[in-house]
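Read off the chains here:
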Amino acid sequence: MKKYNFWKRNTAALLLAVLLCLTGCGTYGQQADTTEDTPMTTETPVPVKFNMEKDVLFFGRTYKKGNVWWINWSGAGFSIRFQGSSVAAEFYSNAPDVRNWAYLKVYVDGVEQPDILLKEECQLVMLAEGLDPAKAHTVEVRKRTNARSSSAGVGRLMLMDGKILEPEAPKERLIEFIGDSLTVGYVASKEGKTASAWSTTTEDVTGTYCPQIAQALDAQYQVVAISGRGIVRNNGGDSNVLFPDIYRETDIHNNPGVLYDFAVQPQVIVINLGTNDESAANENLPAEEFKQGLYDFLKEVRQHNPDAQILYTYGLVRVKLSGAIEEVVQKLQNEGDSKLHYLQLEQCQSWELNLNHTVSSAYTSRGEAIIEKIRQITGWERRKAMIKPIK
């Protein structure tokens, strides 16, 4: 498949220069619209702004603050459709240091492109250039790194030529993945398999089973997962900002205090939590404390998602709490929750791990097991012409 070269064409520099004149990049989240005041010649392309409310399909726990649409969660992002040759974006980001820089995945007409690294507070990027102007095109962007490390937002999208088309309709099926570093893909990037230390360079949610499962079942997916967090104890043994606290808010790390409204209801929720609760720092954690915390959390998930099939999976790396988790699930089933299920995953072997986390290739077989379990509990058919998983 062709990968478009966005950076070696002379027009790319011209179009970005035009966009610089038309945007307020540099005034963080407060863009001044100077389009009408910018002198144009007959040779100058006239960019067209996407209406962010109507022309863009967002997915994940995204939200608008100021003039920026934030896509901070792993796997969150957007897609656009247009007829034309070039499209550019104005991105905003904030990270504490270089190890936490945000990375974005970009797909043009389904073809994976080089990742975008957000180094600056405001950054102008050509998402696609040199496309056939007579054809309709789709560009999809997803944040591959987690919300705790860094933020990522899109201020505006600009079509450099052609016309904007209606965005794709949302898929009828939505699968939500709830978890920790195993769900965000701690070392699931191409570099993660051999890395000697974590950074966002090693992290890639698209290298996990999340897109694999969604594509197989013709569903959209969204991820609510943060590294190091547990049900009652975090990886370091503390109980500061536990996962249930994170789950209740739209984005506790970048926009604290705003409760999530749960207006978007997934049909299936896949949970993988507990690995941090059984870390070395938590070896003396009382089993009853964990079970009570898990019981309360699952009751809360059910309260917010009354009709969802909830599948609790466990065992990728550690298995000590498997029995306790299954016991809690069984208790809730006995209390009448017929849409709550448990699946014990095959534990990873040493060659499937790096830095005590799952490498990308190890997710595939476990993803297949989850796909079959979801099919069993929902009756969904597998997609006949499955797209090859990205990675």
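### Overview of the overall build of the protein
Then, number 1: Scanning the protein from N- to C-terminus turns up seven helices and 20 strands.
Then, number 2: Each of the 391 residues in the protein was classed as buried or not, and the buried ones make up 57%.
Then, number 3: Counting contacts in the protein only where the partners sit at least 6 residues apart, residues at least 24 apart contribute 78% of the total.
Then, number 4: With an accessible surface of roughly 16800 Å², the protein has 49% of that area assigned to carbon and sulfur atoms.

### Things to note about the nonpolar core
Then, number 1: Counting 64 residues, the largest nonpolar core has F78, F91, L127, V139 and L157 as the members making the most contacts within it.
Then, number 2: Residue contributions to this core peak at six residues, all from helix α5 (residues 287-304).
Then, number 3: With sequence-adjacent residues up to four places away left out, L157 is seen in contact with V48, K49, F50, M52, V56, F78, I80, A88, A89 and L127.

### Side note on the confidence of the model for the protein
Reading predicted coordinates in detail is not appropriate for stretches of low pLDDT.
Then, number 1: Of the residues in the protein, 87% reach a pLDDT of 70 or more, and the chain-wide mean stands at 90.
Then, number 2: Note that residues 1-10 has pLDDT below 50 and, in this model, 23 contacts with residues that lie over four places away or in other chains.
Then, number 3: Within the model, the stretch residues 386-391 combines pLDDT values under 50 with 18 contacts to residues more than four positions away or in other chains.

### Some thoughts on unusual backbone geometry
Then, number 1: Here the phi dihedral of F262 falls at roughly 55°; this positive angle occurs in a residue that is not glycine.
Then, number 2: Phi is positive for N356, which is not a glycine, with a value near 65°.
Then, number 3: Within the fold, N356 resides in the loop between β19 (353-354) and β20 (357-358).

### A few points about helix α3 (residues 209-216)
Then, number 1: Within α3, eight of the eight residues are buried, which leaves the element mostly enclosed by the surrounding structure.
Then, number 2: Within the span of α3, buried status applies to Y209, C210, P211, Q212, I213, A214, Q215 and A216.
Then, number 3: Here the buried face of α3 lies against β14 (174-179), α2 (181-184), β15 (220-225), β16 (268-272), β17 (309-314) and α7 (363-378).
Then, number 4: Of the residues flanking the start of α3, the one acting as N-cap is T208, its side-chain oxygen 3.2 Å from the backbone nitrogen of C210.
Then, number 5: One or two positions beyond α3, positive phi appears at D218, with a value near 50°.

Rules used in this analysis
- Residues numbered from 1 in each chain as written.
- Predicted model: local features only at pLDDT ≥ 70, side-chain atom pairs only at ≥ 80, totals over all residues.
- Heavy atoms only, no water.
- Helix = DSSP H or I, 4+ residues; strand = E, 2+ residues; numbered from the N terminus.
- Buried < 20%, exposed > 50% of the residue type's maximum accessible area, 1.4 Å probe, protein only.
- Contact = heavy atoms within 4.5 Å.
- Areas by Shrake-Rupley, 256 points an atom, 1.4 Å probe, with all protein chains shown as cover.
- Core = buried A, V, L, I, M, F, W, Y, C linked by side-chain atoms within 4.5 Å.
- pLDDT = per-residue confidence, 0-100.
- Polar contact = N/O pair within 3.5 Å; in protein donor to acceptor, adjacent residues only side chain to side chain.

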